[in-house]
Amino acid sequence: TPFLDGRAFAASLAHAAPDTTAALATAVVWCGAVTCAYTIWAQSFGQRGVTAARANLVYTSQPVFSALFAFGLLHEVPT
């Protein structure tokens with residue numbers, strides 16, 4: 001396998017072009033800071049003023065919103 005224990009990937013970084021390394025670093029920072037840290041902070045911030053029952057309603061309705069967005073934005077057909 002080409003990515004056995006990440007060794008092949010790590011070895012390829014030594015020979016990567018500087019713009020590739022910069023793009024990879026940007027992607028890592030984006031994935032760590034925005035998609036993980038910010039969403040956890042935003043969820044905590046939003047839940048401060050919400051009752052447990054309302055928060056539970058929002059969480060349990062997530063599949064419905066996902067289906068609506070898939071239908072509206074991606075033109076997915078419900079099956």
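The present account deals with the structure reproduced in this document.

Quick notes on the rules
Residues numbered from 1 in each chain as written. Predicted model: local features only at pLDDT ≥ 70, side-chain atom pairs only at ≥ 80, totals over all residues. Heavy atoms only, no water. Helix = DSSP H or I, 4+ residues; strand = E, 2+ residues; numbered from the N terminus. Rg over C-alpha atoms; globule rule 2.2 N^0.38 Å. Buried < 20%, exposed > 50% of the residue type's maximum accessible area, 1.4 Å probe, protein only. Areas by Shrake-Rupley, 256 points an atom, 1.4 Å probe, with all protein chains shown as cover. Phe/Tyr/Trp six-rings, centres within 6.5 Å; stacked < 30°, edge-to-face > 60°. Patch = residues over 30% accessible without salt bridge, like charges linked within 9 Å, V, L, I, M, F, W, Y side chains within 5 Å. Salt bridge = Lys/Arg side-chain N within 4 Å of Asp/Glu carboxyl O. Expected span 1.5 Å × (residues − 1). Bend = angle between axes of the 7 residues up to and from the residue.

## Description of the overall build of the protein
Tallying secondary structure elements over the protein gives 4 helices and 0 strands in all. Shown N-terminal to C-terminal, the secondary structure of the protein runs as helices and strands in the order α-α-α-α. A compact globule built from 79 residues would reach a C-alpha radius of gyration of about 12 Å, whereas the protein, at 20 Å, exceeds it by more than 25%. For the protein, the spread of C-alpha atoms along the principal axes amounts to about 55 × 35 × 25 Å. For the protein, buried positions account for 3% of its 79 residues. When the accessible area of the protein is evaluated, it comes to approximately 6,800 Å², of which 73% is carbon and sulfur surface.

## Concerning the packing of aromatic side chains
Under the definition given, this model contains 2 aromatic pairs. Taking 5.9 Å as the distance between ring centres and 35 degrees as the angle between the ring planes, the aromatic pair formed by Tyr-38 and Trp-41 counts as tilted. Here Tyr-38 pairs with Trp-41, and both are found in helix α2 (residues 18-47), just 3 residues apart, close to one helical turn. Classification of Tyr-38 as partly exposed rests on a relative accessible area of 48%. Judged by relative accessible area, which is 49%, Trp-41 ranks as partly exposed. Taking 5.3 Å as the distance between ring centres and 20 degrees as the angle between the ring planes, the aromatic pair formed by Trp-41 and Phe-45 counts as stacked. With Trp-41 and Phe-45 both in helix α2, this residue pair falls 4 residues apart, about one helical turn. Judged by its relative accessible area of 47%, Phe-45 falls in the partly exposed class. Taken together, the ring pairs connect Tyr-38, Trp-41 and Phe-45 into an aromatic cluster.

## Observations regarding a nonpolar patch on the surface
Taken together, Val-64, Phe-65, Leu-68, Phe-69, Leu-73 and Leu-74 make up a surface patch of nonpolar side chains, about 670 Å² in accessible area. Here Phe-69 is to be found in helix α4 (residues 62-74).

## Digging into α2
The end-to-end C-alpha distance of α2 is 42 Å, a good match for the 44 Å that 30 residues give at a rise of 1.5 Å each. Along its length, α2 shows its largest kink, about 30 degrees, at Tyr-38.

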